[in-house]
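Secondary and tertiary structure notes
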Amino acid sequence: MGFLYVGLGGALGAMLRYAISMLPGKGTFPVWTLVTNVLGAILIGFVVQIAAQRDISPNGMLFLKTGVCGGFTTFSTFSLEAYTLYEKHLPGQACLYIILSVVLCLGGIYLGTLLASAFRSGTGM
């Protein structure tokens, strides 16, 4: 049964990722993959924090964390795009992309946990 929850969540996450990739504004810098990864980091931080404070079923966690977040984030695409920037002799952009992705996604997880804490306490932000 767990595979069904992961599959449904993964399909939803992949569709959301695809929707973001269709937004205008593409250039040589992979901005939409960066945005997707940061949003995914915020989402997974939020999900994990909420799960620690509430009784979320194992199937709910499979759907949200493994399925939605796994289908939504794009680390393999990130890696390919960073490599492609380097291959195109744009090492500065490649390094900037790698650094921004790591720093902003770690910050996104932290922000997600803060949002979940505010949500849990009912204080809002």
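Just above, that's the structure.
For the structure given in this document, a descriptive report is provided here.

Rules and cut-offs
- Residues numbered from 1 in each chain as written.
- Predicted model: local features only at pLDDT ≥ 70, side-chain atom pairs only at ≥ 80, totals over all residues.
- Heavy atoms only, no water.
- Core = buried A, V, L, I, M, F, W, Y, C linked by side-chain atoms within 4.5 Å.
- Buried < 20%, exposed > 50% of the residue type's maximum accessible area, 1.4 Å probe, protein only.
- Helix = DSSP H or I, 4+ residues; strand = E, 2+ residues; numbered from the N terminus.
- Contact = heavy atoms within 4.5 Å.
- Patch = residues over 30% accessible without salt bridge, like charges linked within 9 Å, V, L, I, M, F, W, Y side chains within 5 Å.
- Areas by Shrake-Rupley, 256 points an atom, 1.4 Å probe, with all protein chains shown as cover.
- Salt bridge = Lys/Arg side-chain N within 4 Å of Asp/Glu carboxyl O.
- Expected span 1.5 Å × (residues − 1).

Quick look at the nonpolar core now. The biggest cluster of nonpolar side chains holds 10 residues, and these are Leu-34, Val-38, Ala-41, Ile-42, Phe-78, Ala-82, Leu-85, Ala-94, Tyr-97 and Cys-105. Every element with two or more residues in this core is listed here: α2 (31-53), α4 (75-87) and α5 (91-121). Looking at this core, the element that brings in the most residues is α2, giving four residues. Here Tyr-97 is in contact with Phe-29, Pro-30, Thr-33, Leu-34, Phe-78, Glu-81, Ala-82 and Leu-85, once residues within four sequence places are set aside.

Time to look at the side chain of Thr-36. By secondary structure assignment, the location of Thr-36 is in helix α2. The contacts of Thr-36, once residues within four sequence positions are left out, are Arg-17, Ile-20, Phe-72 and Thr-74.

The subject of this paragraph is a nonpolar patch on the surface. Taken together, the side chains of Met-1, Leu-4 and Leu-8 make up a nonpolar region of the molecular surface, amounting to roughly 340 Å² of accessible area. Looking at where Met-1 falls in the secondary structure, it is placed in the segment before α1 (2-21).

Bringing α5 into the picture now. Its 31 residues place the ends of α5 45 Å apart at the C-alpha level, agreeing with the 45 Å of an ideal helix rising 1.5 Å per residue. Buried residues of α5: Ala-94, Tyr-97, Ser-101, Cys-105, Gly-108, Gly-112, Ala-116 and Ala-118, and no others. Elements in contact with the buried residues of α5: α2 and α4. Positive phi appears at Gly-122, one or two residues downstream of α5, with a value of about 80°.

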